[in-house]
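# Understanding the architecture of this molecule
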Number of protein chains: 2
Amino acid sequence: MPKPSWARKDVDVLGIGMTSFGKRQESLKELAVTAAREAIADAGISVAELDAIYISNFLGGMLNGQQILGSIVANELGVAGVPTMTVEGACASGGIAFRQAYVNTACDVYDTVLVIGVEKMTVRSTQEITLAINSAMDQESLECKDGLTFPGYFGLVANQYLSQYGGTREDLASVVLKNREFAVANQKAQFREPIDLDRYLQAKMISSPLGLFDCSPISDGACAVVLSSRNEQSTSNSKVRVIASSQASGPTQLKDIEDLTTLSAIKIAANLAYNQADLTPADIDVVELHDCFSITEIISIEDLGFFEKGEGIKAVREGKTKLNGIIPVNTSGGLLSKGHPIGATGLAQIYQIVSQLRGTAANQVDGARIGLAENLGGTGAYATVHIFEAGH
Amino acid sequence: MPKPSWARKDVDVLGIGMTSFGKRQESLKELAVTAAREAIADAGISVAELDAIYISNFLGGMLNGQQILGSIVANELGVAGVPTMTVEGACASGGIAFRQAYVNTACDVYDTVLVIGVEKMTVRSTQEITLAINSAMDQESLECKDGLTFPGYFGLVANQYLSQYGGTREDLASVVLKNREFAVANQKAQFREPIDLDRYLQAKMISSPLGLFDCSPISDGACAVVLSSRNEQSTSNSKVRVIASSQASGPTQLKDIEDLTTLSAIKIAANLAYNQADLTPADIDVVELHDCFSITEIISIEDLGFFEKGEGIKAVREGKTKLNGIIPVNTSGGLLSKGHPIGATGLAQIYQIVSQLRGTAANQVDGARIGLAENLGGTGAYATVHIFEAGH
């Protein structure tokens, strides 16, 4: 596979670690350190081999009164001197932090880097959390001043999509039920109780047509990844190579959005990534994408190029994103059922793709060789796409 | 001059922009965009030439309820698609964001990058701001639970330093009065009213021996820098080259600090930077460093290698860091008198060094050719060092 023109070194994911998602007793720091230690052990390296640490976290300041997580974690791990920082891009913080870590490694600034995503959300009331999450909107925008929330925004999107391309709540349910079925088999997932269509339809309406199960939950959790260009370093046979890394931004205000049914940042980032890897969507065996709401998964499978615009709803209705479908999507359970501890989410997507390419995933896709992880922030303000290849 | 082994391209600062510091009427976004537009104009480029935007901000979530500043600013500038993110490392956020931008440019990932540092602090009460700043301590540490604040911490440091090496409040005053004198001549500075020793000594005690004037203030402001490897791009004769970039971390808890009178992260980062640039402290013509408190300036001139350990207090007493001293320090007025809008500080230090090397600074150092900027975060949790050279 080719690599970006600026990459001097091939970079592999050597290790992954992850706490279960859900309501956790541990502190923000403890969650981060637990995932980090697991990833370091999985990589088969010593902590002293880490050259830098990147942290993805969104709400540590607002919900936990805790920032400077990079230095805190470096001290806790016993590598107090290494360069470290926190990267913020709302719900895309994880993908962005991973990309910075990848770029610095591929460019030979560092040999071996740890990336940790973490969030501890359940410490506050739902109202406080909703307000904190709204910091991912432009506070000076009309819609923010008028009280729009994220469920409100994606409710608008869902209405527009369904009226423009057709479809029903039962179609949205096909995303929700698929992801819940995947989560039931994933020991790290927040929601492992099976649900059926009746339960879906009877659940509380949040922002019509999006009901409770169409919305990703409030979660605690952490996930960590060790990246390295020292490709001889790992003793494992399960190295997974990063073959594309891209990032783009999109509009932050409703007034700037031409088409509510497209997330432009995803399209830009996806095209960049496919070009870097010299691949097309048809080459991808397994995908983790940012299903913050059920409608977001439908739009994302279109913007990532797996289905034509307006065909996503038909695809999920027909089961084309299930385990034995054309392109299995969110085999981890996705944000909807695995959980969405915001800073951890982008890394947890990569955790699942790496597991798939190692052949050890919950809901394993037979013979998966190439996987893609897409992470979205805000109402489309940020997107990252990473593509991975098995067997190096 | 040599460059780091990983750098493929020479990188110049093409443009700088900065709002005045102090209590400002503009919003967080407006401050950021104002500084950005000034830097882009100063660089003589069009906004469409920007490949990426890095934001340094510490308290946007906690004080302003505003995150995702990268995407918001990209949209406001009219380059909605470019990759962008916020970087957080407490008071060192600016230096860290600049370093990420520099690395990505030097490694040829991007050609031209905008870095913006911004903070809007005066919107809340002093108590709320103090609490927010305390998020730069480990919330699980004993001292944090016991109510230690940053003035409290650096008061401890000052007591230890003065008892170990000798010195008086009059010596601390020599830092404060020097920086205030510089600020009087700097139109961007927050405090431009001259003060004398009597006024210093009569001011309210904050955390003995640190009085009001020994402590950096609460400030609003923004600063922006355009970096580029397209060295032919600028029409100006005032390009300034980045010749070293380094970062290190240090302890986050009192129990892990062996010597309160040293900031280990500064020492590590400084040595890395001098090695990269193949320079010694004696080669540096002008310095901006992180005088969050007067004592921090004294310790930092030692840890940066300008004076032996314990000799810093004598050096400031004897005027060796004044404009015509051995090494002029904080000619901008420093954090103490220029102001300390946290996310903007690391960039504002670079603004002053670039101005010095262009020969256009407030308090110009005659013939300055090589300048150094040092940015500190937390109680020594992060440090960055950047070295610049004039005349490329």
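All of these numbers come straight from a predicted model, not from anything done at the bench. (Residues numbered from 1 in each chain as written. Chains lettered and ligands numbered in written order. Predicted model: local features only at pLDDT ≥ 70, side-chain atom pairs only at ≥ 80, totals over all residues. Heavy atoms only, no water.)

## With respect to the overall build of chain A
What chain A contains, in helices and strands, is 14 helices and 11 strands. Taking 392 residues into account, the globule formula puts the C-alpha radius of gyration at 21 Å, and chain A, at 19 Å, falls close to it. Principal axes of the C-alpha set define a box for chain A whose edges measure 55 × 45 × 40 Å. For chain A, the proportion of its 392 residues judged to be buried stands at 68%. When contacts within chain A are restricted to residue pairs at least 6 apart in sequence, those whose partners lie at least 24 apart make up 78%. When the accessible surface of chain A is summed, it comes to about 12200 Å², and 47% of that surface belongs to carbon and sulfur atoms. (Helix = DSSP H or I, 4+ residues; strand = E, 2+ residues; numbered from the N terminus. Rg over C-alpha atoms; globule rule 2.2 N^0.38 Å. Buried < 20%, exposed > 50% of the residue type's maximum accessible area, 1.4 Å probe, protein only. Contact = heavy atoms within 4.5 Å. Areas by Shrake-Rupley, 256 points an atom, 1.4 Å probe, with all protein chains shown as cover.)

## Focus on the interface of chain B and chain A
Listed per partner, the contact involves 59 residues of chain B and 59 residues of chain A. Surface buried jointly by chain B and chain A totals about 4400 Å² across both partners, of which 47% is contributed by carbon and sulfur atoms. Per-residue buried area on chain B facing chain A is highest for Gln67, Ile68 and Glu88 of chain B; these three make up 14% of the total on that side. The interface formed by chain B and chain A includes two salt bridges. Lys29 of chain B is paired through a salt bridge with Asp138 of chain A; the nearest N and O atoms lie 2.8 Å apart. At the surface where chain B touches chain A, the tally comes to 46 residue pairs in polar contact (both at pLDDT 80 or more). At the level of elements, helix 1 (28–43), helix 2 (60–64), helix 3 (69–77), strand 3 (84–88), helix 4 (93–106) and strand 8 (240–249) of chain B are the ones that each hand at least two residues to the side of chain B that touches chain A. Taken together, the residues that form the side of chain B that touches chain A break down as 27 nonpolar, 23 polar and nine charged. As judged from the three bridges shared by strand 3 (residues 84–88) of chain A and strand 3 of chain B, these two strands associate in the antiparallel manner. (Buried area = accessible area lost by both parts, 1.4 Å probe. Salt bridge = Lys/Arg side-chain N within 4 Å of Asp/Glu carboxyl O. Polar contact = N/O pair within 3.5 Å; in protein donor to acceptor, adjacent residues only side chain to side chain. Nonpolar A, V, L, I, M, F, W, Y, C, P; charged D, E, K, R; others polar. Pairing = 2+ DSSP bridges.)

## As for the pattern of salt bridges
The tally for this structure, following the rule as stated, stands at 40 salt bridges over all chains. A network of salt bridges, in which partner residues are shared, links Asp10, Asp12 and Arg241 of chain A.

## Focus: the pairing of strand 10 (residues 370–377) of chain B
Residues and elements named next belong to chain B. Among the eight residues that make up strand 10, eight are buried, leaving the element largely enclosed by the rest of the structure. Here strand 9 (residues 286–288) pairs with strand 10 via three bridges, running parallel. Opposite Val286, over in strand 10, you have Gly371 as the bridge partner. Looking at chain direction, strand 10 and strand 11 (residues 382–390) are connected through eight bridges and run antiparallel. When the bridges of strand 11 are listed, Glu374 appears paired with Val385. Count of turn residues in the strand 10/strand 11 antiparallel hairpin: four residues, of which Gly378 carries a positive phi of about 65°.

## A short note on helix 1 of chain B
Residue and element names in this part refer to chain B. Between the first and last C-alpha of helix 1 there are 23 Å, a value that for 16 residues agrees with the 22 Å anticipated at 1.5 Å per step. Within the sequence span of helix 1, burial applies to Leu28, Lys29, Leu31, Ala32, Val33, Ala35, Ala36, Ala39, Ile40 and Ala43. Where helix 1 is buried, its residues touch strand 1 (12–18), helix 2, helix 3, strand 4 (112–120) and strand 7 (220–228). Looking at the residues trailing helix 1, positive phi occurs at Gly44, about 70°. (Expected span 1.5 Å × (residues − 1).)

## Here's the deal with the nonpolar core
Of all hydrophobic cores here, the largest spans 232 residues; its most connected members are Phe98 and Ile387 of chain A together with Phe98 and Ile387 of chain B. With residues up to four places along the chain from it excluded, the contact list for Ile387 of chain A reads Arg241, Val242, Ile243, Ala244, Ala273, Tyr274, Ala277, Leu279, Ile284, Ile370, Gly371 and Leu372 of chain A. (Core = buried A, V, L, I, M, F, W, Y, C linked by side-chain atoms within 4.5 Å.)

## Some words on unusual backbone geometry
Residues and elements named next belong to chain A. Cis peptide bonds are those with omega within 30 degrees of zero, and the linkage from Ser208 to Pro209 qualifies with 5°. By the element assignment, Pro209 lies in the loop between strand 5 (205–207) and strand 6 (210–211). One non-glycine residue, Asp108, adopts positive backbone phi at about 75°. Residue placement: Asp108 occurs in the loop between helix 4 (93–106) and strand 4 (112–120). The partly exposed category is assigned to Asp108, whose relative accessible area is 26%. One non-glycine residue, Asn330, adopts positive backbone phi at about 60°. Tracing the backbone through its elements, the reader meets Asn330 in the loop between helix 12 (312–317) and helix 13 (334–338).

## Quick look at the relation of the copies chain B and chain A
After a rotation of 180° and a shift along the axis of 0.0 Å, chain B superposes on chain A with an RMSD of 0.0 Å. Here the copies are linked by what is in effect a two-fold axis. Mapped onto chain A, 100% of the interface residues of chain B again fall at the interface, so both copies present the same surface. (Least-squares fit on C-alpha atoms with pLDDT ≥ 70 in both.)

## Concerning the packing of helix 1 (residues 28–43) of chain A against helix 3 (residues 69–77) of chain A
Residues and elements named next belong to chain A. Between helix 1 and helix 3, the shortest axis-to-axis distance is 10 Å and the interhelical angle comes to 55°. Comparing the axis directions of helix 1 and helix 3 gives the class oblique. The hand of the helix 1/helix 3 crossing is right-handed. Between helix 1, through Leu28, Lys29, Ala32, Val33, Ala36, Arg37 and Ile40, and helix 3, the contact on the second element is made entirely by Leu69, Ile72, Val73, Glu76 and Leu77. Considering only residue class, the contact of helix 1 with helix 3 consists of nine nonpolar, no polar and three charged. (Axes fitted to C-alpha atoms, helices over the stretch in contact; angles between N-to-C directions. Parallel < 35°, antiparallel > 145°, perpendicular 65-115°, else oblique. Left-handed = near helix turned anticlockwise from the far one by under 90°.)

## Re the packing of helix 4 of chain B against helix 14 (residues 342–358) of chain B
Residues and elements named next belong to chain B. Following both chains from N to C, one finds helix 4 and helix 14 inclined at 65°, their axes separated by 5 Å at the closest point. For the pair helix 4 and helix 14, the contacting residues are Gly94, Gly95 and Phe98 in the first and Gly343, Gly346, Leu347 and Ile350 in the second. A breakdown of the residues in the contact of helix 4 with helix 14 according to their chemical character gives three nonpolar, four polar and no charged.

## Focus: the environment of Phe293 of chain B
All names here are of chain B. Looking at the secondary structure, you find Phe293 in the loop between strand 9 and helix 11 (294–303). The class for Phe293 is buried, based on a relative accessible area of 6%. Sequence-distant contacts of Phe293, defined by excluding residues within four places in its chain, comprise Phe150, Pro151, Phe154, Leu210, Asp214, Cys215 and Leu336.

## Overview of helix 7 (residues 150–165) of chain B
Residue and element names in this part refer to chain B. Look at helix 7: 22 Å from first C-alpha to last across 16 residues, which is about the 22 Å you get at 1.5 Å a residue. Looking at the buried side of helix 7, the elements it contacts are helix 5 (126–133), helix 8 (169–184), strand 5 (205–207), strand 6 (210–211), helix 11 and helix 12 (312–317). Positive phi shows up at Gly166, right after helix 7, with a value of about 80°.

## Concerning the packing of aromatic side chains
Evaluated as defined, the whole model comprises 10 aromatic pairs over all chains. Taken together, the aromatic side chains of Tyr153, Phe154 and Phe293 of chain A make up a single cluster linked through ring pairs. (Phe/Tyr/Trp six-rings, centres within 6.5 Å; stacked < 30°, edge-to-face > 60°.)

## Some words on the side chain of Gln253 of chain B
Along the polypeptide, Gln253 of chain B turns up in the loop between strand 8 and helix 10 (264–277). Overall, Gln253 of chain B belongs to the buried group, its relative accessible area being 9%. Excluding residues that lie within four positions of it along the chain, Gln253 of chain B makes contacts with Lys29 of chain A together with Asp138, Ser141 and Glu143 of chain B.

## Looking at the confidence of the model for chain A
The predicted model of chain A averages 96 in pLDDT, with 97% of residues at 70 or higher. ipTM for the predicted complex: 0.97, alongside a pTM of 0.97. (pLDDT = per-residue confidence, 0-100.)

## Here we look at the environment of Gly378 of chain A
Residue and element names in this part refer to chain A. Tracing the chain through its elements places Gly378 in the loop between strand 10 (370–377) and strand 11 (382–390). The spacing of Gly378 and Leu336 is 42 residues in sequence and 16 Å in space, taken between C-alpha atoms. Apart from residues no more than four positions distant in its own chain, Gly378 is found in contact with Ala90, Cys91, Ala136, Phe150 and Phe154.

## So, the pairing of strand 1 of chain B
Residue and element names in this part refer to chain B. Along strand 1, seven of the seven residues are buried, which leaves the element largely enclosed by surrounding structure. With six bridges joining them, strand 1 and strand 7 adopt antiparallel strand pairing. In the strand pairing of strand 7, Ile16 is matched with Val225. Note that strand 1 and strand 8 share two bridges and pair antiparallel. From the neighbouring strand, Val13 faces strand 8, where its bridge partner is Val240.

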